[in-house]
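Examination of the molecular architecture
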Amino acid sequence: MDSVPRLISFFTLLFSSLWHPGLTATNYNCDDPLASLLSPMAFSSSSDLTGTHSPAKLNRRLGAGGWSPEDSNAQQWLQMDLGSKVEITAVATQGRYGSSDWVTSYSLMFSDTGHNWRQYQQEDNIWTFVGNTNADSVMHHKLLHAVRARFVRFVPLEWNPSGKIGMRVEVYGCSYKSDVADFDGRSSLLYRFNQKLLSTLKDVISLKFKSIQGDGVLFHGEGQRGDHITLELQKGRLALHLSLDDSKTRLSSSLPSATLGSLLDDQHWHSVLIERVGKQVNFTVDKYTQHFRTKGETDALDIDYELSFGGIPVPGKPGTFLKKNFQGCIENLYYNGVNIIDLAKRRKHQIYIVVSHLYSLTISNLVHIPPLLALCRNRVFTDDKLLEEIVDNIMINFLYSFLGTNLNDGLWHSVSINARRNRITLTLDNDAASPAQDTTRVQIYSGNSYYFGGCPDNLTVSQCLNPIKAFQGCMRLIFIDNQPKDLISVQQGSLGNFSNLHIDLCSIKDRCLPNYCEHGGRCSQSWTTFYCNCSDTSYMGTTCHHSLYERSCEVYRHQGSTAGFFYIDPDGSGPLGPLQVHCNVTEDKIWTSVQHNNTKLTHVQGASPENPYFMALDYGGSIEQLEAVIDSSEYCEQEVAYYCRRSRLLNTPDGVPFTWWIGRSKERHPYWGGAPPGVQQCECGLDEICLDIRHFCNCDADKDEWTNDTGFLSFKDHLPVTQIVITDTNRSNSEAAWKIGPLRCYGDRHFWNAVSFYTEASYLHFPTFHAEFSADISFFFKTTALSGVFLENLGITDFIRLEISSPSEITFAIDVGNGPIELVVQSPSLLNDNQWHYVRAERNLKVTSLQVDSLPRMSRETLEEGHFRLQLNSQLFVGGTSSKQKGFLGCIRSLHLNGQKLDLEERAKVTSGVRPGCPGHCSSYGSICHNGGKCVEKRSGYFCDCTNSPYEGPFCKKEISALFEAGTSVTYMFQEPYPVMKNLSWSSSAIYAESAPSKENIALSFMTAQTPSLLLYINSSSQDSLTVLLCKNGSLQVHYQLSKEEIHVFTIEVENFANRRMHHLKINREGRELTIQMDEQLRLSYNFSPEVEFKAVKSLTLGKVTENLGIDSEVVKANTLGFVGCLSAVQYNHISPLKAALRHMTIAPVIIQGTLTESSCGSMMDLDVNAVTTVYSSSDPFGKTDEKEPLTNAVRSDSAIIGGVIAVVIFIIFSIVGIMTRFLYQHKQSHRNNQIKEKEYPTNLDSSFRNDIDLQNTVSECKREYFI
């Protein structure tokens, strides 16, 4: 990146030595008064109060004492002819002497010919000069950039409201000399070299031109080997073709190397500068510069014989040209310091003129238009694609319209209308349309009135009608009946009239040059503004500035994402585009993986040092994008593996490596995975475990057997691997294979980059924030202070500031020279709550906006006119101001400015009053940990501790579930004695066991098709027990056995819960209060009469109870098969028995009997269970085959026909059983309806669920079947 400034500096030095004095002021004191010596006839005006020319010179007191028009309105102007083209550097004004007439603001216009004026602009806007406050004082203005012109026009905009327009003026500058050539479109100028071939490593070409034609070649040169350089106008834009030794591309078929400018066929002077050093090129048109690198094999430009200017003559064919010639004027043409036009004037032998007219200090008329019946040339830059000419006839009103294509392209278009009797011919751009025959046979007269651009407001419909809105654009060269119309006469009121338009001036503006749509956004415009189409750019906003994607996987994780492919934009709104990566969020790290195009094991044979094998890796993005990912990460790695048989790797210990890899800087690296940079070794060499201790890599032992060297490359400055080269697989029985894994990184160095400000006078300072056209600022903050400045950067008058102005308000203030703008976002809640809050402020040429958290965004449109560059020059202050007032107290993190990351922590290490880091992330983000997970602080962020949760994953949201078969049992053994309630330590457990009331918090999810089933059984040391089971009819029961005599049974039978659907059960008891909740809806509450207490729990069993624990007969029936189905997220107080069995089986006090298979209940629920489970058994209730036995499954598939026949038979049998079951169900339903009326519910049961829940305090409930 540093090469670009060095290149520009070199160009500046080189160009300053070759630039001709005619292109700048002829002396350093270019401030001579130019109007004081002019005759009165040099002054003219739109009108004059005296009726004669008033010499409105500065300080003049004679006569009228200056100039005043007849009427003071916006159409007036004062003009002076300076006699010749001069350099103008300043102007001054006074009011009219001895009067109350003066101008308070005005604009300037310049011209070389007295026609086709150009308005003076600064910052791409028509500039308004501040005028006078009285009639005598002088207001002097130095022009920001000098203007070269002969005519100057002062245009009053505002004046003293108590008087009239009155002016006395002066213009300052100096003489200007130049050499000008006038090309008539049929000629060219040849500059022939002294030798046959001219080869240059550096070139500087400069010129100024003006033209009325949109196409034409300005200069051209080429060599026989394919080198060429051509500059030409194409549709009003300058295209530069440049190629070095590239014979494949020729001018006729190649695309331009660079294109700049727009509307350059406006007959105004435009400057061109081309600077080349080798392949690096700077191409400048007016004030816009494009840097590019040209194609070619060498750095030299070889041109044969000559350069041609104004056209490309065909050798051997005099007067014949290859492309359209340039028509216009070229001034001060220099080629590598040689003044080409001066050589032509002095008739030097190097110059050959092909039918050209040359002048010195003379500009000829460039326009010749053949007479047409009615002709008008139009330039349009609006969205209206219909251009209309309206002709008012004496007999009838006749409207004829022609629809063109792309007429709103800003180019000049010619229109000709020929009306003869009943036939009208309309010609657009010399392409005649088919004549339209009028069938009414009425005679058409041209009438005596013509309206161009629209109809006056005072006309009736019968006189003129505007079918669409008025024309916006420019017209010139208007002919009626073959006679040109003098628009100056219209302006002076002697011919026709006009309103709301500029005469002798085309003020159309290409608002898409430069293109302020960022990141490839497509620009379009209306007459007053531009628009950006951001589709297919990966960016959004009014100027396509804001990225659609987050900066890293860390941010996606912060939003709740876990794993998958994502696009990340490491520099946000910066120049780098988004890159597709794979994010894998684990419990302790967030991995970012970037795949390349060759991750498979690749075999190599036949490679030698003379004929090496190499493979380039494509990561789907630029090396700059990959570097941004690596540099913003804490750690990166890439696994490399080399499998070898008689193929040496690094040729250790001292040989030249046979294999190496290329990194980001295109440097080759002779070390392998597991070894540090600079050490020509493999991992086994560092660990001293290689096959041959004489070598530092296994493959360097050159064995006949296959071996390998595998390890991780982790030096970030060398990653990623972009290429691998292998040179030792051409010997007998020599073979190798390589595999390079994806680039993997973790840790976002910037998302958690935070600092703490603990004094109001403290701040961090950074270099000036350069954001002339577009600025975005984003960060997080937290504070308890009432107010404070987050950020401030000042200029001479411009500034930008972000602050918390009150506990509930964030203020964004900015001034670009048009006065300060303030945006305020008010929060309904306090923002100084010591929680993290997000702020994003943006300013561009279209809108200024402020966003705080997810509150509504405040925005304000930017003014189209006036200053628009944000010019700052002070240091950037973060956390305070330059005055050390209103400092911020609190924390700021993840500060980004226009995509650039500011390292706050590094700067805070050397700044007093500021500490690196900021604790307390869990207070803001603790809610992201679910299902009992605990938020744990880290230095950079936080993580979710899922130890006491039945779930796992980065947010404790991933269920842990298992498939139980018949007889499967999971028993968790508690320590003796173990209190039910979790305490802080084992020593304190005994205290709480006696003093605190016992409780149970049980949660589980299940899915089954088997009844009866035993889901959970808890046994205490005092023979108390708690059982959760499904009855034969699919209802759920909870058994509390507090003694042999006291058993409580709670039954929920709103549906058959063995319906192959997921169900969620929660049981909470504390003391006497019991709550049972089913599927997040059904809720049962009950109060035990005596106080229930489990003093110590002995074991907890999921599925079949294998020991004889004295369970009652009803539980024994359910325990016949245990549980057949899927259990998930099982938790008892802080214990997760299923998680312990699947994740910590070797260290947890868990006993597993039978087959326990980890499975996802959620995914099984999504399957069509009816299709999968036509017949289920106790061993496989869901009909799943064993995926671990593919061979067995394949054999089973051979019996598909037999199985199909059996399935049909079973289906018929089940159908018969189903019909009989339906009959018995209806019979029992009628019997139940008679019984349910007699049932009474406890008074403490929630009345809203009495119709859905059956509560029984008897152990005989399973013997009864009730259907609700």
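Residues numbered from 1 in each chain as written. Predicted model: local features only at pLDDT ≥ 70, side-chain atom pairs only at ≥ 80, totals over all residues. Heavy atoms only, no water.

**A word on the overall build of the protein**
Rules: Think of it this way: any DSSP run of H or I at least four residues long counts as a helix, any run of E at least two long counts as a strand, and we number them from the N terminus. Residue burial is assigned from relative accessible area. The probe radius is 1.4 Å, only protein chains are included, and a residue is buried under 20% of its type maximum, exposed over 50%, and partly exposed in between. Only heavy atoms enter the contact rule, under which two residues are in contact if any of them lie within 4.5 Å. Each accessible area is a Shrake-Rupley estimate made with a 1.4 Å probe; only the visible protein chains count as cover when residues are assessed.
A tally of helices and strands in the protein yields 15 helices and 85 strands. Buried residues in the protein amount to 50% of all 1268 residues. Partitioning the contacts of the protein with sequence separation of at least 6, the portion at a separation of at least 24 is 69%. Here the protein displays about 60400 Å² of accessible surface, and carbon together with sulfur accounts for 52% of that area.

**Brief notes about the pairing of strand E81 (residues 1097–1103)**
Selection rule: Strands were regarded as paired on the criterion that DSSP finds at least two bridges between them.
For E81, a buried count of six out of seven residues is recorded, marking the element as mostly surrounded by other parts of the structure. Bridge count between strand E72 (residues 969–973) and E81: five bridges; the pairing is antiparallel. Residue pairing for E81: Ser969 is matched across the bridge by Gly1103. Direction of pairing for strand E74 (residues 1013–1020) relative to E81: antiparallel, over a ladder of five bridges. Opposite Ser1020, over in E81, you have Val1097 as the bridge partner.

**Side note on the state of the cysteines**
The following threshold applies: Cysteine sulfur atoms are paired as a disulfide whenever they come within 2.5 Å of each other.
Across all of its chains, the model carries 15 disulfides by this definition. Covalently, Cys30 is tied to Cys174 through a disulfide, its sulfur atoms 1.9 Å apart. Its S-S torsion of about -90° marks the bond between Cys30 and Cys174 as left-handed, since a negative value means left-handed. With Cys30 in the loop between helix H1 (3–18) and strand E1 (32–33) and Cys174 in strand E10 (residues 168–175), the pair connects residues that are 144 residues apart, well separated along the chain. The residues Cys30 and Cys174 share a single accessibility class, namely buried. Sulfur-sulfur distance for the disulfide between Cys534 and Cys544 comes to 2.0 Å. Taking the torsion about the sulfur-sulfur bond, which here is approximately -95°, the covalent link between Cys534 and Cys544 counts as left-handed. Placement of Cys534 in the loop between strand E38 (530–533) and strand E39 (539–540) and of Cys544 in the loop between E39 and strand E40 (546–547) is noted, with a sequence separation of ten residues between them.

**Notes on the sheet that holds strand E50 (residues 723–726)**
Taking strand neighbours across the sheet as the criterion, the four strands line up as E45-E50-E47-E48 in an open arrangement whose pairing is antiparallel. At either margin of the open sheet sits one strand with a lone partner, and together these are strand E45 (613–616) and strand E48 (668–669).

**Some remarks on the confidence of the model for the protein**
Threshold: You can read pLDDT as the predictor saying how much it trusts each residue, on a scale of 0 to 100.
Of all residues in the protein, 80% have pLDDT values of 70 or greater, and the mean over the chain is 81. A low-confidence stretch, residues 383–402 (pLDDT under 50), is modelled with 64 contacts involving residues beyond four sequence positions or located in other chains. This stretch, residues 433–441, has a pLDDT under 50; its non-local contacts, to residues over four places away or in other chains, come to 16 contacts.

**What about the environment of Asp618?**
Secondary-structure assignment places Asp618 in the loop between E45 and helix H5 (623–631). Here Asp618 falls in the partly exposed class, since its relative accessible area comes to 46%. Between the alpha carbons of Asp618 and Asn598 there is a distance of 8.1 Å; along the sequence they are 20 residues apart. Dropping the residues within four chain positions of it, Asp618 is found in contact with Gln595, His596 and Asn597.

**Digging into unusual backbone geometry**
Most peptide bonds take the trans configuration, and most residues that are not glycine carry a negative phi. With an omega of 5°, the peptide bond between Leu719 and Pro720 qualifies as cis. The peptide bond linking Thr1011 to Pro1012 adopts the cis configuration, its omega dihedral lying at -10°. When you line up the elements, Pro1012 lands in the loop between strand E73 (999–1008) and E74. Within the chain, Gln267 stands out as a residue other than glycine whose phi angle is a positive 60°. Relative to the helices and strands, Gln267 resides in the loop between strand E17 (258–260) and strand E18 (270–277). Its relative accessible area of 22% is what places Gln267 among the partly exposed residues. For Arg1060, which is not glycine, the phi torsion reads 60° and is therefore positive. Tracing the backbone shows Arg1060 in the loop between strand E77 (1047–1052) and strand E78 (1063–1070). On the basis of relative accessible area, Arg1060 is assigned to the buried category, the value being 17%.

**Structural notes on the sheet that holds strand E79 (residues 1073–1078)**
The pairing of strands in a sheet comes from backbone hydrogen bonds and takes either a parallel or an antiparallel form. Rules: Lines fitted to the C-alpha atoms define the axes, with helices restricted to the stretch that makes contact. Angles between their N-to-C directions range from 0 to 180 degrees.
The strand order across the open sheet formed by seven strands is E80-E79-E78-E73-E82-E71-E84, and the pairing between neighbours is antiparallel. What marks the edges here is a single partner per strand, and that holds for strand E80 (1082–1087) and strand E84 (1156–1158). Ignoring which end each strand starts from, the neighbouring axes of this sheet average 20° apart.

**With respect to the layout of surface pockets**
What counts is decided by this rule: Put plainly, a pocket is an open set of points on a 1 Å grid over the protein atoms alone with protein on both sides within 12 Å along at least five of seven lines, a cavity is a set where a 1.4 Å probe fits but cannot get out, and a lining residue has an atom within 4 Å of a point. Grid points are joined across faces, edges and corners, and a volume is the space filled by probe spheres set on the points. The residue classification treats Ala, Val, Leu, Ile, Met, Phe, Trp, Tyr, Cys and Pro as nonpolar and Asp, Glu, Lys and Arg as charged. All others, Gly included, are polar.
Its boundaries defined by the atoms lining it, the second largest pocket holds a volume of some 790 Å³. Along the wall of the second largest pocket there are 35 residues; nearest its centre are His546, Glu550, Ser778, Tyr838 and Arg840. Residue assignment for the lining of the second largest pocket shows that the elements contributing at least two residues are E40, helix H4 (553–558), strand E55 (775–782), strand E60 (837–843), strand E61 (847–852) and strand E64 (890–897). Considering each element in turn, the lining of the second largest pocket owes the most residues, five residues, to E60. Its residues placed into classes, the lining of the second largest pocket shows twelve nonpolar, 16 polar and seven charged.

**Section: the packing of aromatic side chains**
The cut-off we apply is this: What counts as a ring pair is set by centres within 6.5 Å for rings of Phe, Tyr and Trp (its six-membered ring), and what kind of pair is set by the plane angle: stacked under 30 degrees, edge-to-face over 60, tilted for all other angles. The criterion for a charge sitting over a ring is simple: Lys NZ or Arg CZ within 6 Å of the ring centre, and within 35 degrees of the ring normal.
For the coordinates displayed, the defined rule picks out 36 aromatic pairs. Taking 6.5 Å as the distance between ring centres and 80° as the angle between the ring planes, the aromatic pair formed by Phe781 and Phe888 counts as edge-to-face. Of this pair, Phe781 sits in strand E55 while Phe888 is found in the loop between strand E63 (876–878) and E64, placing the two residues 107 residues apart along the sequence. Of the two residues, Phe781 and Phe888, neither departs from the other in class, the shared state being buried. Looking at Lys589, its charged tip hangs above the ring of Tyr746, at a distance of 5.1 Å from the centre. The ring of Trp660 carries Arg668 above its face, with NZ or CZ at 4.1 Å from the centroid.

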